[in-house]
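Notes for the structure review
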Amino acid sequence: MARRTGAISGPVAALGLGAAVAALCLLPLWAVARAAGFSGSLTAADWQAVRFTVVQALLSAVFSVGLAVPIARALARRQFWGRGLFISLLGAPFLLPVLVAVLGLLAVFGRGGWLNSALAALGLPPFSIYGLHGVVIAHVFFNLPFAVRLILQGWQSIPAERVRLARTLRAPLFRVLEAPMLREVLPSAFALIFLVCLTSFAVAITLGGGPRATTLELAIYQAVLFDFDLGRAAQLALVQYALCALAAGLAGVLGRQTGFGVGLDRHIALPGGSAIGDGAAIAAMAVFLLVPLGAALSGGVWGLAAMPATVWASAIISVTIALGAVAMVLLVAVPLALAGGKLGRGLATAVPLASSSLVLGAGAFLLLRGAVRPSDAALAVTMTVNMLMALPFALRILTPAADAVRRDYDRLARALRLRGWARLRIVYLPRMRRQIGFAAGLTAALAMGDLGAIVFFAGEGQATLPLLMQRLLGAYRVEAAAGVGLVLVTLSFGLFWIFDSWGRRGAET
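Okay, so let's go over this structure. Everything numeric in this text was worked out from a predicted model, so none of it was measured. (Residues numbered from 1 in each chain as written. Predicted model: local features only at pLDDT ≥ 70, side-chain atom pairs only at ≥ 80, totals over all residues. Heavy atoms only, no water.)

**Describing the overall build of the chain**
A tally of regular secondary structure across the chain gives 21 helices and zero strands. A compact globule built from 509 residues should have a C-alpha radius of gyration of about 23 Å, and the chain, at 24 Å, falls within 12% of that. Within the chain, buried positions represent 51% of all 509 residues. In the chain, 84% of the contacts between residues at least 6 apart in sequence involve partners at least 24 apart. Surface accessibility of the chain: about 23400 Å² in total, with carbon and sulfur atoms responsible for 67%. (Helix = DSSP H or I, 4+ residues; strand = E, 2+ residues; numbered from the N terminus. Rg over C-alpha atoms; globule rule 2.2 N^0.38 Å. Buried < 20%, exposed > 50% of the residue type's maximum accessible area, 1.4 Å probe, protein only. Contact = heavy atoms within 4.5 Å. Areas by Shrake-Rupley, 256 points an atom, 1.4 Å probe, with all protein chains shown as cover.)

In structure tokens, the structure reads:
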């Protein structure tokens, strides 16, 4: 009887927790819907924002996934010194604050950037990074490395035994192994990148703007803060939520596992291909990734002296929000991962994934308007929104580890009559320490770089580092913004390193 009660209580508890997370996302959406009143209709400018949002997301996803295929294939076929470090660096854009990366892109592709200097020397017309192509370039910079890693994992999932068998039978490797893998991996990668680009705000506000290059996120921001047209903001938010829900649903449906079965975990480099072509693909990826990163960091060093005095207060606020978001994520994600239950986990993953931090912030602003001053709720709301945004990634990291520990050790724990805190302390936490540290570090880095809900709530002296950077860029103080960006990068990667190192130190698996 006790075993039956325990088996039921886990999924039920997960369902309750997942429902609470979904409510936290849907309540602001309800506030947005109520403010909209369904009385008006979208204007021509609003439809232009919808079209631009969808087009830039489609182009960003197409270029990211399309360019990632030859690069991932080259990495799957070639072994070279520093290959592991290079693959690790592909994760840097995901942790890098968006505005810092945009500064690096401006140093390369901006009006006074390296590319335009070279074009001027050759007597060619200048290149402008502002507008649709600039937004797409920035999104490709962030998502191309992510797509490469996803597709590379697909190639690495092909068992070496299948490769040897195909070679023995002289079967065409691409047709019998690689093409089926790509058919399973590419659609989900495309849907995930399309979803991420739908809710991009920091890129749009710095490289977009204007009637022809406004995304839904930017239009919502302008409707709330500049026009104070809450009904229009609400309608736009609902349209964006519908698009995100559709993309999240597609990502979930298309995210299937490859069907190659298991092997003996032996790695084998794929044969064939041109060494020159593969080298060119890897070198192009390295240049596209490292040059803007280097430009952003070197520009930040020169900009340290130009930083405003408020930068350290903003740093304290950003770190406070990041640590608060980490605590909230662990308080929600660890119990959800341990409790089991697909429905609860699914609710806690899918609903936040379909939300955007700006829409959640707008909804929270509408809910709290008149009850409290926005500046009084700034920290709590921003921490909560950052927790919701990071929760799907934390669950993706923690859930497989929790399931593995439960599968391997639950019977022994029951035999030893370990329950509650004792089972958590002795059985689960030591074996999930690595994943907990990684999830905490990822949450901290994402929260440090977020420029979403805080724009609605920040009062005088409450700017986070990304908001301070955005204000400096708006005032054309690029050098000072670069200095603030360097501080932001240092703190973001520092927090990630602290949590990740804690997780790896003394981890049992």
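**Some details on the pattern of salt bridges**
Scanning the model with the defined rule gives nine salt bridges in all. Put simply, D403 and R345 hold a salt bridge, and the shortest N to O gap is 2.9 Å. Taken together, the positions of D403 in helix α17 (residues 378–415) and R345 in helix α15 (residues 342–353) put the pair 58 residues apart, joining distant regions of the chain. For R345, a relative accessible area of 12% corresponds to the buried category. Salt-bridge contacts for D408 lead to R407; the nearest nitrogen and oxygen are separated by 3.7 Å. Several salt bridges converge on common partners, so that one network encompasses R77, R78 and D278. (Salt bridge = Lys/Arg side-chain N within 4 Å of Asp/Glu carboxyl O.)

**Comments concerning helix α13 (residues 275–303)**
Along its 29 residues, α13 runs 41 Å from first to last C-alpha, staying within 8% of the 42 Å computed at 1.5 Å per residue. The backbone nitrogen of I276 lies 3.3 Å from a side-chain oxygen of the residue at the head of α13, namely S274. (Expected span 1.5 Å × (residues − 1). Polar contact = N/O pair within 3.5 Å; in protein donor to acceptor, adjacent residues only side chain to side chain.)

**Regarding the nonpolar core**
Core analysis: the largest hydrophobic core is formed by 168 residues, its most contacted members being V148, W155, M432 and V455. For this core, the leading source of residues is α17, giving 15 residues. Among residues more than four places away in sequence, those in contact with V455 are F201, Y221, L225, L358 and L467. (Core = buried A, V, L, I, M, F, W, Y, C linked by side-chain atoms within 4.5 Å.)

**With respect to the packing of helix α5 (residues 98–109) against helix α6 (residues 114–121)**
At a minimum axis distance of 4 Å, the contact between α5 and α6 shows a crossing angle of 5°. What the angle tells us is that α5 and α6 run roughly parallel. Contacts between α5 and α6 involve A107, V108 and F109 on the former and, on the latter, W114, L115 and N116. Per-class residue counts for the contact of α5 with α6 are five nonpolar, one polar and no charged. (Axes fitted to C-alpha atoms, helices over the stretch in contact; angles between N-to-C directions. Parallel < 35°, antiparallel > 145°, perpendicular 65-115°, else oblique. Nonpolar A, V, L, I, M, F, W, Y, C, P; charged D, E, K, R; others polar.)

**Details of the side chain of Q470**
Mapped onto the secondary structure, Q470 falls in helix α20 (residues 465–474). Non-local contacts of Q470, meaning those with residues more than four positions away in its chain, are made with L99, I205, Y221 and L451.

**Brief notes about a nonpolar patch on the surface**
Together, V55, L59, F63, L67 and L132 make up an exposed nonpolar region whose accessible area comes to about 380 Å². Among the elements that take part in the nonpolar patch, helix α2 (residues 44–77) stands out by supplying four residues, more than any other. Locating V55 in the fold gives a position in helix α2. Under the relative-accessibility criterion, V55 is labelled partly exposed at 38%. (Patch = residues over 30% accessible without salt bridge, like charges linked within 9 Å, V, L, I, M, F, W, Y side chains within 5 Å.)

**Section: the state of the cysteines**
Going through the model one piece at a time under the given rule, you end up with zero disulfides. Just so you know, C197 is unpaired, no disulfide at all, and the nearest cysteine sulfur is the one on C244, 11 Å from it. (Disulfide = S-S within 2.5 Å.)

**Quick look at the environment of G483**
Following the sequence through the fold, G483 ends up in helix α21 (residues 478–504). On a C-alpha basis, the gap between G483 and A45 in space is 36 Å, while along the polypeptide they are 438 residues apart. Ignoring any residue separated from it by four or fewer positions in sequence, one finds G483 in contact with G300, G303, L304 and M307.

**Topic: the environment of L293**
Residue placement: L293 occurs in helix α13. Note: C-alpha distance between L293 and L105 (188 residues apart in sequence) is 8.2 Å. Beyond its immediate stretch of four places on either side in the chain, L293 contacts L96 and F141.

**Looking at helix α18 (residues 420–449)**
Counting along an α-helix, one turn takes 3.6 residues, and residues three or four places apart therefore face a common direction. For α18, built from 30 residues, the straight-helix expectation of 44 Å at 1.5 Å per residue is missed by more than 12%, its first-to-last C-alpha distance being only 36 Å. R433 marks the point of greatest bend in α18, at about 60°. (Bend = angle between axes of the 7 residues up to and from the residue.)

**Considerations on the side chain of N143**
With respect to the helices and strands, the residue N143 is situated in helix α7 (residues 132–156). Discounting residues that sit within four places of it in the chain, N143 has contacts with S64, I193, V196 and C197.

**Side note on the packing of aromatic side chains**
All chains considered together, the criterion is met by seven aromatic pairs. Taking 5.6 Å as the distance between ring centres and 75° as the angle between the ring planes, the aromatic pair formed by F141 and F142 counts as edge-to-face. For the pair formed by F141 and F142, the shared burial category is buried. Their ring planes at 75° and their centres at 5.8 Å tell us that F141 and F288 sit as a pair that is edge-to-face. In this pair, F141 sits in helix α7 while F288 sits in helix α13, placing the two residues 147 residues apart along the sequence. Taking the relative accessible area as the measure of exposure, F141 reaches 1% and is therefore buried. Aromatic rings pair up to connect F141, F142 and F288 into one cluster. When the ring centre of Y409 is taken as reference, the NZ or CZ atom of R431 above it lies at 4.2 Å. Above the ring of W502, the side-chain terminus of R433 is found at 4.4 Å from the ring centroid. (Phe/Tyr/Trp six-rings, centres within 6.5 Å; stacked < 30°, edge-to-face > 60°. Lys NZ or Arg CZ within 6 Å of the ring centre and 35° of its normal.)

**Focus on the environment of V332**
Topologically, V332 is positioned in helix α14 (residues 311–339). Judged by its relative accessible area of 14%, V332 is buried. C-alpha separation for the pair V332 and L395, spaced 63 residues apart in sequence, amounts to 9.3 Å. Residues in contact with V332, not counting those within four places in the same chain, are L17, V21, M387 and L391.

Functional significance is not addressed by these values, which are geometric in nature.
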